[in-house]
Structure formats: structure tokens, C-alpha cells
Amino acid sequence: MSSPKLPKAIAQLVEKGNFVAAIKSLADAENISMGEAKDRIDDYDLQLKTKQQQKLSSIANKQGIPSGAMNFSNDPEPVRLTEEELEARKNSSPFAALSSGLDNRLDDMGYKKPLLPSWVKRVTLILIVMAIIFWGLWRAFG
């Protein structure tokens, strides 16, 4: 690494999460390869994240929150399935799994299914309008 510090504008790009522009700008500004620029930006990002974690940990310790309760990963926790759920997933078709998953998600959101699907309402309305027009034309020309 030629210099440990990043220029202020590039550091701001990294802090905002615009890594592509930061890598290109650093490579152009210091006339280095994209690989070297990426390595330097990755190092800076890692340092930035560790500083943030240390600050959050110190704040949490001051407030009495145990350090084990802190999760710095953005990844969601893995879902643990029971053996019955695993067997049900293996035996069901992909469409059935998708349909049941969607139904479960809608139930969790509190969505209630309508009595008649919207397409049935539309078709019924179209048929009624066509019947009225047919009856009117029958009366006028029949």
C-alpha cells in the first residue's frame, strides 16, 4: 500500500457505500491498478466497521446491554426448521411450496382473502354490460 489514508472525497464515497465509484476514483487519483484500489478501500471499510462496532459496544456497555446481545451482521438469522417441516418441503412440489409460503406470509400480515376473486368480479361486470347493450339493441332494432 502506498498510503494508508484515503482522500476525503473517496472516504466519503466509501462511507456512503458507493464502492464502485470510490475504487475508480482512487485508481484514477493515485494512478494505481483497480485491484490495489479495491484492497485499500476494503481495508478502510473494515477499519470503519470495526470502529463503529467498538463505539456501539461501548455505548451498549454503558447502558448495561450485554455484549452477547449485539449482532453486527446484516445477515438474517438462519431459520430452524423441524424435521416435519423439512419432510413436508421435500415431498411438496415447488408450486405448492410457493403457494403455501405466500398464504402463510399473507396470513402473518393479516390479509383476508376476498369471497370472490377480482377476476370473477370483472368478468361478471363485463357480462352484465354486454347483456344490457344486447337487450337495448334488441329493443331498438328487433
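Now for a look at the structure at hand. (Residues numbered from 1 in each chain as written. Predicted model: local features only at pLDDT ≥ 70, side-chain atom pairs only at ≥ 80, totals over all residues. Heavy atoms only, no water.)

1. Observations regarding the packing of helix H1 (residues 8-16) against helix H3 (residues 34-63)
Stated precisely, the cut-off is as follows: Angular values range over 0 to 180 degrees, each being the angle between N-to-C directions of two axes fitted as lines to C-alpha atoms, with helices fitted over their stretch in contact. Labels follow the DSSP assignment, with helices taken as runs of H or I lasting at least four residues and strands as runs of E lasting at least two, numbered in each case from the N terminus. Crossings are assigned a handedness: left-handed for a near helix turned anticlockwise from the far helix by less than a right angle, right-handed for a clockwise turn. Here, residues are in contact when the closest pair of their heavy atoms is within 4.5 Å. All amino acids are sorted into three groups, where Ala, Val, Leu, Ile, Met, Phe, Trp, Tyr, Cys and Pro are nonpolar, Asp, Glu, Lys and Arg are charged, and the leftover types, Gly among them, are polar.
The N-to-C vectors of H1 and H3 enclose an angle of 65°; their axes lie 10 Å apart at closest approach. As for the relative orientation of H1 and H3, their crossing is right-handed in sense. Contacts from Ile10, Ala11, Val14 and Glu15 of H1 reach H3 at Ile41, Tyr44, Asp45 and Leu48. Taken together, the residues of the contact of H1 with H3 break down into 6 nonpolar, no polar and 2 charged.

2. Notes on the packing of aromatic side chains
Selection criterion: Centres within 6.5 Å make a pair out of two Phe, Tyr or Trp rings, where for Trp the six-membered ring is used; the pair is then stacked when the planes are under 30 degrees apart, edge-to-face when over 60, and tilted otherwise. Burial status follows relative accessibility: with a 1.4 Å probe on protein chains alone, a residue under 20% of its type maximum counts as buried, one over 50% as exposed, and anything between as partly exposed.
Considering all chains together, one arrives at 1 aromatic pair under this definition. Geometrically, the ring pair formed by phenylalanine 134 and tryptophan 138 is tilted, given 5.9 Å between the ring centres and 35° between the ring planes. Taken together, the positions of phenylalanine 134 and tryptophan 138, both in helix H6 (residues 118-141) and 4 residues apart, correspond to about one turn of that helix. When sorted by exposure, phenylalanine 134 lands in the same class as tryptophan 138, which is exposed.

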